[in-house]
Amino acid sequence: MQNDKSWIPYLLIAPSVIFLALLFLLPLVQTIWLAISEGGVPSLANLQTMAGDLNFRLAIRNTFLLTLAVVPIQIMIALAMGSMVAKVGAGRETILWIWTIPLGISDLAAGLVWLSILQNSGYLNSLLFSAGLIERQANWLSYQTPVALFFAIAIAEIWRGTAIVMVIIVAGLNQVPKEYREAAEVFGAGRWTRFFRITLPLIKPALQSALILRTVLAFEVFAVVYALGGSNMPVLVGEAYTWQNQNQNYGVAAAYAVLIMVISLAATLVYLKAVKVDPERLP
Amino acid sequence: MKRSLLIGLLAASGFFAGAAAQAETIFLSTQLRPIEEATAVRNVILKGLAAPVEYVVEEPPQFAVRMEAERQAGTHTISLVGALHGELSPIAAKNGFVPLDDLAKQLADNGMPKGLLDLGKLGKDTQQYIPWMQATYVMAANKQALQYLPAGADINKLTYDQLIEWGQKMQSETGQPRIGFPAGPKGLMARYFQGYFYPSFTGGVVRPFKSADAAKGWESFKKLWAVVNPNSTNYNFMQEPLLADEVWVAWDHIARLKEAVASQPDQYVIFPAPAGPKGRGYMPVVAGLAIPQGAPDEAGAKGVIEHLVKPETQILTAQNVGFFPTVDAKLPSDIEPGIAMLAAGVQATQQAPDAVISLLPVGLGDRGGEFNKVYMDTFQRIVLRGEPVTDVLNDQAASLGKLMGDTGAACWAPDAPSQAPCPVE
Amino acid sequence: MSTAARPSSFGSARAVLLWSGIAVLCAWVLVPIYLVALGAFGGRTGVYQWPKTIFPAGISFEPFLLFLKTEGVAGAFMNSLGAAAVTVILSVLIGAPAGYALARYNFRGKDGYRLLVLLTRAFPLAILALPLTVSFIRIGLYDTVIGVGLVHTVLALPFAALVTQGIFLGVPRELEEAAWVFGCSRPQAFFRIVAPLALPGLAATAVFAFVISWNEVFAASVLTVRHRTLTAYLLTVLAESPLHYRFAGGLLLILPSVIFIFAVRRYLFAIWGISSK
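Every chain is numbered on its own, with residues counted from 1 as its sequence reads. Here every chain gets a letter starting at A, and every ligand a number starting at 1, in the order they are written. Given that the model is predicted, a residue must reach a pLDDT of at least 70 before its local features are reported, and side-chain atom pairs must reach 80 or more before they are shown or counted; all residues, however, enter totals for whole chains, interfaces and linings.

K.L.:
Can you walk me through the overall build of chain C in this structure?
P.N.:
Where helices and strands are cited, they refer to DSSP runs of H or I of at least four residues and of E of at least two residues respectively, numbered from the N terminus. Secondary structure summary: chain C contains 13 helices and 0 strands in total. Counting from the amino terminus, helix and strand elements in chain C follow one another as α-α-α-α-α-α-α-α-α-α-α-α-α. Summarising its shape, the C-alpha atoms of chain C cover approximately 70 × 70 × 30 Å along the three principal directions. Contacts here follow a simple rule: the backbone-placed C-beta atoms of the two residues must lie within 7 Å. In chain C, the share of contacts with a sequence separation of at least 24, taken over all contacts with a separation of at least 6, comes to 79%.

K.L.:
Would you take a moment to explain the packing of helix 9 (residues 186–215) of chain C against helix 12 (residues 243–263) of chain C for this structure?
P.N.:
Each pair of packed helices can be summarised by the angle the axes make with each other and by the distance between the axes. All names here are of chain C. In the contact formed by helix 9 and helix 12, the axes pass within 10 Å of each other and the chain directions differ by 180 degrees. Judged by the inter-axis angle, helix 9 sits roughly antiparallel to helix 12. Taken together, the residues of helix 12 that come into contact with helix 9 (itself represented by V207, F210, V211, W214 and N215) are P256, S257, F260 and I261. Of the residues in the contact of helix 9 with helix 12, the class split is 7 nonpolar, 2 polar and no charged. Angular values range over 0 to 180 degrees, each being the angle between N-to-C directions of two axes fitted as lines to C-alpha atoms, with helices fitted over their stretch in contact. Should an angle lie under 35 degrees it is considered roughly parallel, over 145 roughly antiparallel, and from 65 to 115 roughly perpendicular; all remaining angles are considered oblique. Three classes are used: nonpolar for Ala, Val, Leu, Ile, Met, Phe, Trp, Tyr, Cys and Pro, charged for Asp, Glu, Lys and Arg, and polar for all others, with Gly counted as polar.

K.L.:
So what exactly am I meant to see when it comes to the UniProt feature "transmembrane region" (unreviewed entry) in chain A here?
P.N.:
UniProt positions are given in the numbering used here, feature names are shortened, and annotations may be inferred rather than shown by experiment. The positions UniProt marks with the feature "transmembrane region" (unreviewed entry) are residues 12–36, 64–84, 96–117, 147–173, 211–229 and 249–272 of chain A. For residues 249–272 of chain A, the helix share is 96%, the strand share is 0%, and the end-to-end C-alpha distance is 35 Å.

K.L.:
Looking at this model, I keep getting lost on the pairing of strand 1 (residues 25–29) of chain B. Mind explaining?
P.N.:
Each regular strand displays side chains that alternate between the two surfaces of the sheet. Residues and elements named next belong to chain B. Residues with at least 20 other C-beta atoms within 10 Å of their own are called buried, those with 12 or fewer are called exposed, and the rest are partly exposed. The C-beta atoms themselves are positioned from the backbone. With 5 of its 5 residues buried, strand 1 lies for the most part within the structure. Side chains T25, F27 and S29 of strand 1 all project onto a buried face; the interleaved residues I26 and L28 project onto the opposite face, where all are buried too. Bridging between strand 1 and strand 2 (residues 53–57) involves 5 bridges; their strand directions are parallel. Each residue of the ladder has a partner; that of F27, found in strand 2, is Y55. Here, strands pair whenever DSSP counts at least two bridges between them.

K.L.:
What exactly am I supposed to notice about the nonpolar core here?
P.N.:
Generally speaking, soluble globular proteins have nonpolar side chains that are buried together. One finds I169, L228 and Y256 of chain A together with A140 of chain B to be the most contacted residues of the largest nonpolar core, which totals 319 residues. Beyond its immediate stretch of four places on either side in the chain, I169 of chain A contacts A78, L79, G82, I203, A206, L207 and A210 of chain A. Among buried residues, those of type Ala, Val, Leu, Ile, Met, Phe, Trp, Tyr and Cys that are joined through C-beta atoms within 7 Å form a set called a nonpolar core.

K.L.:
What's the story with the interface of chain C and chain A in this structure? I'm lost.
P.N.:
In many reports, interface size means the accessible area that the parts give up when they come together. Taken together, the contact pairs 79 residues of chain C with 84 residues of chain A. The leading source of residues in the side of chain C that touches chain A is helix 1 (residues 12–41) of chain C, at 12 residues. When the residues that make up the side of chain C that touches chain A are grouped by side-chain class, the tally is 55 nonpolar, 17 polar and 7 charged.

K.L.:
How should I be thinking about the confidence of the model for chain A in this particular structure?
P.N.:
Atom-level detail of predicted coordinates should not be read off regions where pLDDT is low. Residues and elements named next belong to chain A. Looking at chain A, pLDDT values average 86 and 95% of them are 70 or higher. pLDDT expresses, on a scale from 0 to 100, how confident the predictor is about each individual residue. Per-element confidence in chain A ranges from a low mean pLDDT of 76 for helix 8 (residues 178–186) to a high of 93 for helix 3 (residues 56–86). Confidence drops under pLDDT 50 across residues 279–283; counting only partners more than four residues distant or on other chains, this segment forms 11 contacts.

K.L.:
Any chance you could explain the pairing of strand 6 (residues 249–253) of chain B here in plain terms?
P.N.:
Residue and element names in this part refer to chain B. Burial of strand 6 is extensive: 5 of the 5 residues sit out of reach of the surface. Examined bridge by bridge, strand 4 (residues 130–142) and strand 6 share 5 bridges and lie antiparallel to one another. Across the sheet, the residue bridging to M139 is W251, located in strand 6. Relative to strand 6, strand 5 (residues 179–180) runs parallel, the two sharing 2 bridges.

K.L.:
Explain the interface of chain A and chain B to me, please; I cannot follow it from the model alone.
P.N.:
If you look at the interface, chain A gives 20 residues, while chain B gives 22 residues. When contributions to the side of chain A that touches chain B are tallied by element, the ones reaching two or more residues are helix 11 (223–229) and helix 12 (236–246) of chain A. Looking at the side of chain A that touches chain B residue by residue, the class counts come to 4 nonpolar, 15 polar and 1 charged.

K.L.:
Would you take a moment to explain the confidence of the model for chain C for this structure?
P.N.:
All names here are of chain C. Residue-level pLDDT values for chain C average 82, and 92% of them are 70 or greater. Of all secondary-structure elements in chain C, the lowest mean pLDDT belongs to helix 13 (residues 265–268), at 71, while helix 4 (residues 73–104) reaches the highest, 91. Low pLDDT (under 50) marks residues 1–8, which in the prediction has 13 contacts with non-local residues, meaning those over four places away or in another chain. Across residues 272–277, where pLDDT falls below 50, the model places 29 contacts with residues more than four positions away in sequence or in other chains. The ipTM assigned to the predicted complex is 0.84, against a pTM of 0.87.

K.L.:
I'm lost on the UniProt feature "domain: ABC transmembrane type-1" (unreviewed entry) in chain C in this one. Help?
P.N.:
In the numbering used here, UniProt assigns the feature "domain: ABC transmembrane type-1" (unreviewed entry) to residues 77–264 of chain C. The span residues 77–264 of chain C is 83% helical and 0% strand by assignment, and the distance between its end C-alpha atoms comes to 21 Å.

K.L.:
What am I meant to see in the packing of helix 9 (residues 212–225) of chain B against helix 16 (residues 389–407) of chain B here?
P.N.:
All names here are of chain B. At a closest axis distance of 10 Å, the pairing of helix 9 and helix 16 adopts a crossing angle of 125 degrees. By the angle between their axes, helix 9 is oblique relative to helix 16. Two packed elements cross with a definite hand, and for helix 9 against helix 16 that hand is right-handed. Along the contact surface, helix 9 presents A214, A215, W218 and E219, while helix 16 presents V389, T390 and L393. Looking at the contact of helix 9 with helix 16 residue by residue, the class counts come to 5 nonpolar, 1 polar and 1 charged. We call a crossing left-handed when the near helix sits turned anticlockwise from the far one by less than a right angle, and right-handed when that turn is clockwise.

See below:
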């Protein structure tokens, strides 16, 4: 049945391929050319400028660290949310709705909220001050406190980006037939065993989608980092924007963008290989 | 059903597109964007015009992308742009503007200062933009800070040594660094180094970039930075940390201090930036009006420019948004106290006997951003990362020299004039 | 949906633990949103107070009213809805067939196709703005709501394809095959059997598309001059506005998305399949 009409899937994906070719691939090719040319001839000048820049290594390091810190925690929180809500009957939809709200919050608003919490005269310091834990306003976001700044940005990103992971994982958990777990329970499997042996393998497709999507988005982290850290914590997309907007050098900006794309692509391939999924259920 | 919905929607969107398509002069501006100011432009400043003008605001990044896109495509929707000198320069470098020499001549006859008008040539032979509004950078201090002012210091004649002492005293008495600079990603810190720091310590901007004077200046700036609030690298608009009481003494563009001063005029004082060994550097800010090549309504745009540089309109602009006239126009005495304070600060800066005026860079074309980057990178490496001063200056001087060579820009004040590209000595 | 809910056979200590966990996570989401609201309603002085209190003081609707009174807000709101509608419709119309193909067929180039779709999210859109804008000017889509919707569709498409794929995976293949046996043609089987079952999930796809379009600023701002979307309109104005305006604008933009998500919350979690049978 799979291959009797092998042209059907191509027909089905054709509209999206044409659409993306016109609106995405075309400008993409133009931009890649911009990155690897100089005055119309192929050149590595932009790539060299990028690699020689003051913030280049820092930006790569920060982007990777942030991705490594944020994505696993988001997956864990989302799994926790999913398992908790599975045990709830009434009120389930409301709880899920509340957890989904950050999905609708723009970068600007998210950055503002966390700035109002973490800045010197913000809510966190107010709280610590009232509790007598600090005597004067403490700095959390300055270049002198890179560790605190890193955590602040990671927390804000976790707050903003967990909803999408949660939606995907809860939906995945919904698909796990309860009979499986009940059977395991009957045979005396503990809750952790049930989780690792039954639930986790069954939600692999959802997990894979969540990981890929979230990692790709994590490499694009930008607005919240700028709102909280200013120029204290360079990240790749931030550098791309700075080169395009402040330095008005579209070539170097394009070079950064291509680099981000290559990294995301590599990460996606790693996930596709590492989180092997039954091809029938490949998301 | 979906299909009919889609068709309906397309039709509806087409209707939206068509409905407003009659010829209105579109005026795109990167200035006066905040909601209150944009409303004032629409309802007060542009009101006296016969032909309708649509005032659209845009952030500088999008502005640059859009202007370049319209230029590349050769189809224009924008008839008039209002933007800063530095934002107009890349477009002029690609011959994107209609020459405005007739208007310039007329304005020169009506008393617009020649130096100001010449900035609008952007290093070319013809008038690229008409100076629209002026501003500059000043210092603002919370009155709580004044009690820590070092003995004998006059706030209007402050020196860098006194500023450092003041900062140290505030730091030791209140336990917090109280001086702030807008060194965040959208802050104007690069202009501080070009227009204030370098002229005050070296008497130049490009030529003495790595001189012994500059090295001494950076050493003294490091001392100052020790009493500067470390959050400064996050600040973009100093009005916010001032209002939040995080910072008591700040340097910034007047438009970016306005909110603090206007909302609590009794709480703040405005004064000129400090002086160094070579004088009191200061840099004017000029926003200009220009007409893109191929503008759909060139005549209408000229009419709007004429309206905006009329003395009455210029006074109205100062009263409403706090930018100052480029033409000879006297501000009335009954303006808002906050704006009056800023005006007094600007005047004190301009009339300081030791003032060293530093003009906006001319002739850098679309490399103005990279010019700023040289100064910000130097700052980052010397002050924030503690790298050795001479090494950094030598390194960055090489980048600066290459930049000047690539663009061929001649020296501008306060550097001594040059024939060829401005040399880094 | 409620099949996963189980009789509370576990101990009350567990229940306490469960509910406190839920409460903590709800607070984690809600408290920051409460703080935006506080900033928005707290007026000019509230945002600069120290030490701050978490109770509202000096409530003020003035920033909101000023926004609503500003010329063009109503038009911009309509434009936002228009662009979002184009995005929703196009991403479902283009994304759903692709999702169906990914779910039901194994074909050569499937992985390549998935990578292509994901690439659209892996490339910072703002960097593409210049070439995109130039072509939009040339083909006459510049400064139109449709143009903005098209670009937003590029952003929403990966979600649409991934999400609908999950939906179709959740519709049992046996049902569809049974329909063929009973003489339905493939399209008939799809529209009679699969589509109704997948509808709630399609609604969730629509939410994603809506939210993505609603919150996007950069492209919306560069591609339009007069037909600004509300987000582009407000954010351009906001960046240099006083803080309380920024909070108010932020809240004003959050509200429609939150309401929209609330309206379809029931369908949102049907995304990855129609639950367990």
